[in-house]
Amino acid sequence: MKQTLPGSRPLCAVSAAREEPRRVICDGRALVVWMVEDDRPAVLDDRCPHGNARLSAGYVLYGRIVCPLHMWTFGPDGRAQAPGGRMEAAGPMPQSYECWISGDQVWARIGA
């Protein structure tokens, strides 16, 4: 099973990630966990590079997480889209993490 890979960690219950984006602290990293439309999990760093807002305080629209501050959206791969296409970031883009469901938990590979 994947959870035996080095760096694999359980993050939260699948049911919790289905309800709303979840902030999870794992190995000292703040992460956001949400479910994509086809019921796959997604995990990114919980920080918008544009305004330093918590992505976990946003919402999910068409499988993308929407930053509550300036409405930037992020896909499961971490790629951003900004309203009007203007992409001026104050910091690095959030990292995406390999993630999967095992049992009733969302798991991710956080470190090697």
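Refer to the structure presented above.
Residues numbered from 1 in each chain as written. Predicted model: local features only at pLDDT ≥ 70, side-chain atom pairs only at ≥ 80, totals over all residues. Heavy atoms only, no water.

A. Structural detail: the sheet that holds strand β2 (residues 22-26). In spatial order, the strands read β2-β3-β4; together these three strands make up an open sheet with antiparallel pairing. Two strands bound the open sheet, and with one partner strand each, they are β2 and β4 (41-45). Neighbour-to-neighbour, the strand axes of the sheet open up by a mean angle of 35°, direction not taken into account. Summarising the sheet, β2 and strand β3 (residues 29-35) pair through five bridges and their orientation is antiparallel. Bridging across to β3, Ile-25 finds its partner in Ala-30. (Pairing = 2+ DSSP bridges. Helix = DSSP H or I, 4+ residues; strand = E, 2+ residues; numbered from the N terminus. Axes fitted to C-alpha atoms, helices over the stretch in contact; angles between N-to-C directions.)

B. Looking closely at the sheet that holds strand β1 (residues 8-13). The three strands are arranged β1-β10-β9 in an open sheet whose pairing can be described as antiparallel. This sheet does not close on itself; its edge strands, each paired only once, are β1 and β9 (99-102). Going across the sheet, the axis of each strand differs from the next one's by a mean of 35°, ignoring polarity. Both β1 and strand β10 (residues 105-109) contribute to a ladder of five bridges, which runs antiparallel. Within β10, the residue paired with Pro-10 across the bridge is Trp-107.

C. Just the pairing of β3, in detail. Taken across its seven residues, β3 has five buried, putting it largely inside the fold. Alignment of β3 against β4, held across five bridges, turns out to be antiparallel. Within β4, the position partnered with Val-33 by the bridge is Val-43. What sits between β3 and β4 in their antiparallel hairpin is a turn of five residues, with Asp-39 showing a positive phi close to 65°. (Buried < 20%, exposed > 50% of the residue type's maximum accessible area, 1.4 Å probe, protein only.)

D. Examining the side chain of Asp-45 more closely. Relative to the helices and strands, Asp-45 resides in strand β4. Buried charged residue Asp-45 carries no salt bridge. Nearest counter-charge: Arg-29, at 5.4 Å. Within the structure, the side chain of Asp-45 is placed 2.9 Å from the backbone nitrogen of Gln-95, a separation counted as a polar contact. With residues up to four places along the chain from it excluded, the contact list for Asp-45 reads Ala-30, Leu-31, Val-32, Leu-55, Pro-94, Gln-95 and Tyr-97. (Lys, Arg positive; Asp, Glu negative; His and termini not counted. Salt bridge = Lys/Arg side-chain N within 4 Å of Asp/Glu carboxyl O. Polar contact = N/O pair within 3.5 Å; in protein donor to acceptor, adjacent residues only side chain to side chain. Contact = heavy atoms within 4.5 Å.)

E. Here's a closer look at a nonpolar patch on the surface. A contiguous nonpolar patch, built from Tyr-59, Leu-61, Tyr-62 and Met-71 and spanning about 440 Å² of accessible area, is present on the exposed surface. With respect to the helices, strands and loops of the structure, Leu-61 is situated in strand β5 (residues 59-61). (Patch = residues over 30% accessible without salt bridge, like charges linked within 9 Å, V, L, I, M, F, W, Y side chains within 5 Å. Areas by Shrake-Rupley, 256 points an atom, 1.4 Å probe, with all protein chains shown as cover.)

F. A look at the nonpolar core. Residues Leu-11, Leu-31, Val-33, Val-43, Val-106 and Ala-108 are the most contacted members of the largest nonpolar core, which totals 15 residues. Every element with two or more residues in this core is listed here: β1, α1 (14-19), β2, β3 and β10. In this structure, Ala-108 is in contact with Gly-7, Ser-8, Arg-9, Leu-11, Val-43, Tyr-97, Glu-98, Cys-99 and Trp-100, ignoring residues within four places of it in sequence. (Core = buried A, V, L, I, M, F, W, Y, C linked by side-chain atoms within 4.5 Å.)

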